[in-house]
Amino acid sequence: MSTQLLIGGRFYSASAPDATAMAVTDGTVVWLGAEAPGRALHPDAEIVDLDGAFVAPAFVDPHVHVTALGLQLTGLDLSAATSLDAALAAVRAHAAAHPDGLVIGEGWDQTRWPEQRPPTVAELDAAAGPGRAVYLARVDAHSAVASSALLDAVGDLGVASSALLDAVGDLGAGYTRGEPLTAEAHHRVRAVALAGLSRAQRDSARAAALDTAAAHGVVAVHECAGPEISGREDVRELLGFDHGVAVRAYWGQAVGSAEEAKALVDELGVHALGGDLFVDGSVGSHTACLHAPYADAAHTGKSYLDVDTVTAHLRACTEAGIQAGFHAIGDVAVDTVVAGIARVAEELGGPAVAARGHRIEHAELAGADAIAALARWGVIASVQPGFDAAWGGPDGMYAARLGAERAAALNPFAAMAAAGVSLAIGSDAPITPLVPWSAVRAAVHHRTPGHGLSPRAAFAAATRGAWRAGGVRDGVAGTLVPGAPASYAVWDAGDLVVAAAADTVQRWSTDPRSRVPGLPPLDPGGALPTCLRTVRDGITIYTA
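Note that the structure is predicted; figures quoted are calculated from it, not measured.

Take the packing of aromatic side chains next. Under the criterion given, the structure shown has 10 aromatic pairs. Between Phe387 and Trp391, the ring centres sit 5.5 Å apart and the planes meet at 50°, which makes this aromatic pair tilted. Of this pair, Phe387 and Trp391 both sit in helix α15 (residues 385-391), 4 residues apart, which is roughly one turn of the helix. What makes Phe387 buried here is its relative accessible area of 4%. Aromatic ring contacts, followed pair by pair, group Tyr12, Phe59, Trp437, Phe459 and Trp491 into a single cluster. Positioned above the aromatic ring of Trp377, the side-chain terminus of Arg376 is 4.6 Å from the ring centre.

As structure tokens, then:
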């Protein structure tokens, strides 16, 4: 056996909140307490002096698109573009620096530009050069713009670009001349764009994404793959990619029977059939499905799955013993998922449904009845506080799309937690950055009063809750207690505090005798902790 004794630290542990030392044997936490007894109990241990650093359970991000994140990190990142002209200049510079091959860009958001519109096909052609294939995904990845050359290449999938541009013009198919590609048209063009990447490009992107995760104290991610997102080849390659950050893969494809569910899991090697199994799209791309029309568009969005399809998928996965899940953002989409769960619970029993730990991704516009139903059937809500930080508030994109009243109902984290819904906090990277402390802070400082979580609840949702969302229900994963896996991160952090939610009365003592572990302060605009080391099951996977 091999034992390490970490000394001189501050540990986030419910069992020993005042501990200054922790012993780890063969990848398992075996003891926490004061340094002197630690040395006496483990005289032969390797000593690791933390020099006052903060040690906490490592993060798990339950909603990531690994290759897409890596492409943003290694390629054309448009998330910082402050105008249409700036975005086109970035395309022009990237195309000049990389004269061959496809130009892929991620992260543009026209709602933050003074022009308030995306690039046109003609503008992309002019920026990248004649005959250059360009694919630029909007920040939410539910719409995109493409150059003429890439639209021509769609013919490789059996649909000529002239047909796409001229014959397919209705909102349901996803193409309207002069507007970004959405829905089926976007999925088709995205597939052609991603097929243009080499294996070396994909592997380079994966390495960059997982390295970034480890550098932010993340030891595991949940890849939300699917036929419309990344494709079979990508998920197979990702699962075979060697890296210290663990990958749990979700595949977003509906099935109709338990046999079909098992066969699909076996074929792809994935862990579950959920994640981004789209019931609808996104608010920013006007494709989230709503009961009432958008405030700035004369339609109610896009529905990809009906109640019958949702029910069949849930039934099949429940019977097969496979975790299922759905992407649902608008109120119609959330209600569709809830209706499907209700049918399956009536057929197979509530305990059978709850035992699978099925998931709903985002659940942004979930009403009180839907929240109660999710809690009743043990459905886990995988949520992204970074969405509210980026687009919430009275002057944000949500308010522009939905109106102030509906926008204020989005992302009701406190109501979910109060109802008993198990929350898992993630990023949906590259939609929002894979920076867990930033997501935790966004959950605490929600833009809508009353929707925020306490720091302890938010941190738990990004650690214990995220492990649980991935089917780990051993009661110790995501904690630092004896018997827990030694998956932790070491942080350079200032003074620790014990605080309530940002919009509630302070209710926890900062006195160490309260036995409540402290967390770094999460004040808006303040510096977040810096990761010094990330350890998964006792093995260091990142060192600053």
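Backbone-to-backbone hydrogen bonds join strands into a sheet, with any given pair of strands oriented parallel or antiparallel. Spatial strand order, β2-β6-β19-β20-β21: 5 strands in an open sheet with mixed pairing. Only two strands of the sheet have a single partner each, and these edge strands are β2 (10-11) and β21 (539-543).

A word on the pairing of strand β19 (residues 488-492). Judged by how many residues are buried, β19 sits mostly within the fold: 4 of 5 residues are covered. Looking at chain direction, strand β6 (residues 54-57) and β19 are connected through 4 bridges and run antiparallel. Within β19, the residue paired with Ala56 across the bridge is Ala489.

Next up on the list: the sheet that holds strand β11 (residues 143-146). Strand order across the open sheet formed by 5 strands is β8-β9-β10-β11-β12, with mixed pairing between neighbours. In the strand order of this sheet, the two ends are held by β8 (76-77) and β12 (181-182), each with one partner. Sheet analysis places β11 next to β12, joined by 2 bridges and oriented antiparallel. If you follow Ser143 over to β12, its bridge partner there is Thr182. Its contacts with the sheet put helix α2 (residues 66-74) on β8 and β9 (103-108), and the angle it makes with β9 is roughly 95°.

Another aspect to go through is the nonpolar core. Val221, Leu273, Ile360, Met416 and Ile425 are the most contacted members of the largest nonpolar core, which has 82 residues in total. Of all the elements, helix α12 (residues 331-348) adds the most residues to this core, at 7 residues. Excluding residues that lie within four positions of it along the chain, Ile425 makes contacts with Val60, Pro62, Val383, Pro385, Ala439, Ala443, Leu453, Ala458, Ala461 and Ala462.

End to end, α12 covers 26 Å across 18 residues, agreeing with the expected 26 Å (1.5 Å per residue, within 8%). Turning to α12, its buried residues number three or more, namely Asp331, Val332, Ala333, Val334, Thr336, Val337, Val338, Gly340, Ile341, Val344 and Ala345. Gly349 occupies a position one or two residues after α12 and carries a positive phi of about 100°.

Before going further, it helps to examine the packing of helix α3 (residues 84-97) against helix α4 (residues 121-128). For the pair α3 and α4, the least separation of the axes is 8 Å and the interaxial angle reads 40°. Considering their axes alone, α3 and α4 lie oblique with respect to each other. Residue-level contacts link Leu84, Leu88, Val91, Arg92 and Ala95 of α3 to Glu123, Leu124, Ala127 and Ala128 of α4. Among the residues forming the contact of α3 with α4, the class breakdown is 7 nonpolar, no polar and 2 charged.

What counts and what doesn't
- Residues numbered from 1 in each chain as written.
- Predicted model: local features only at pLDDT ≥ 70, side-chain atom pairs only at ≥ 80, totals over all residues.
- Heavy atoms only, no water.
- Phe/Tyr/Trp six-rings, centres within 6.5 Å; stacked < 30°, edge-to-face > 60°.
- Helix = DSSP H or I, 4+ residues; strand = E, 2+ residues; numbered from the N terminus.
- Buried < 20%, exposed > 50% of the residue type's maximum accessible area, 1.4 Å probe, protein only.
- Lys NZ or Arg CZ within 6 Å of the ring centre and 35° of its normal.
- Pairing = 2+ DSSP bridges.
- Contact = heavy atoms within 4.5 Å.
- Axes fitted to C-alpha atoms, helices over the stretch in contact; angles between N-to-C directions.
- Core = buried A, V, L, I, M, F, W, Y, C linked by side-chain atoms within 4.5 Å.
- Expected span 1.5 Å × (residues − 1).
- Parallel < 35°, antiparallel > 145°, perpendicular 65-115°, else oblique.
- Nonpolar A, V, L, I, M, F, W, Y, C, P; charged D, E, K, R; others polar.

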